[in-house]
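Notes for the structure review
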Amino acid sequence: MKRIAFSFFFSLFFFLETNAQCAMCRAVLESEDNTAAAEGINNGIVYLMALPYILVAVLFYFVYKKMKS
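I will try to describe carefully the structure that is included in this document. (Residues numbered from 1 in each chain as written. Predicted model: local features only at pLDDT ≥ 70, side-chain atom pairs only at ≥ 80, totals over all residues. Heavy atoms only, no water.)

1. Focus on the overall build of the protein
We count it as follows: Note on conventions: DSSP H or I runs of at least 4 residues are helices, E runs of at least 2 residues are strands, and numbering of each starts at the N terminus. Note on exposure labels: buried denotes an accessible area under 20% of the residue type's maximum, exposed denotes more than 50%, and partly exposed covers the range between, all computed with a 1.4 Å probe on protein chains only. We get accessible surface area from the Shrake-Rupley algorithm with a probe of 1.4 Å; when it comes to residues, only the shown protein chains can shield them.
Tallying secondary structure elements over the protein gives three helices and zero strands in all. In the protein, the order of α-helices and β-strands from amino to carboxyl end is α-α-α. Out of the 69 residues belonging to the protein, those deemed buried represent 9%. Total accessible area on the protein stands at roughly 6400 Å², and carbon and sulfur atoms take up 71% of it.

Rendered as structure tokens:
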């Protein structure tokens, strides 16, 4: 169990690069020369995507802990 939790959190926090843009956002941002805006959009999308998964994982952990005891 500890190995699974460690690998989950390791992969969650130590990813190299994530491109999580929709096709329209990507087309607009690639046509511009401003790469800082593209990085900001990517980071915002990843942040908005990861937060619900973290909350659900924490909820399931507490439910699992409660059911086991």
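Anyway, onward from the coordinates.
2. A look at the packing of aromatic side chains
Under the convention used in this document: Two rings belonging to Phe, Tyr or Trp (six-membered ring only in the last case) form a pair when the distance between their centres is within 6.5 Å. Interplanar angles under 30 degrees mark stacking, angles over 60 mark edge-to-face geometry, and anything in between is tilted.
Here the structure, examined in full by the defined rule, presents one aromatic pair. Seen from their ring centres, tyrosine 61 and phenylalanine 62 are 5.5 Å apart, and the 65° between their planes marks the pair as edge-to-face. The exposure class of tyrosine 61 is partly exposed, given its relative accessible area of 43%.

3. Re a nonpolar patch on the surface
Let me state the cut-off plainly: Residues enter patches when they are more than 30% accessible in relative terms and free of salt bridges; like-charged ones are connected within 9 Å and nonpolar ones (Val, Leu, Ile, Met, Phe, Trp, Tyr) within 5 Å. Each reported salt bridge corresponds to a side-chain nitrogen of Lys or Arg within 4 Å of a carboxyl oxygen of Asp or Glu.
Taken together, the side chains of Tyr47, Leu48, Leu51 and Leu55 define a hydrophobic patch exposed on the protein surface, amounting to about 460 Å² of accessible area. By the element assignment, leucine 48 lies in helix α3 (residues 35-68). Here leucine 48 falls in the exposed class, since its relative accessible area comes to 63%.

4. Here we look at the environment of asparagine 42
Mapped onto the elements, asparagine 42 comes out in helix α3. Exposure remark for asparagine 42: the relative accessible area of 13% places this residue in the buried category. Separated by 16 residues in sequence, asparagine 42 and arginine 26 place their C-alpha atoms 9.6 Å apart.

The quantities given are spatial measurements derived from coordinates; they are silent on function.
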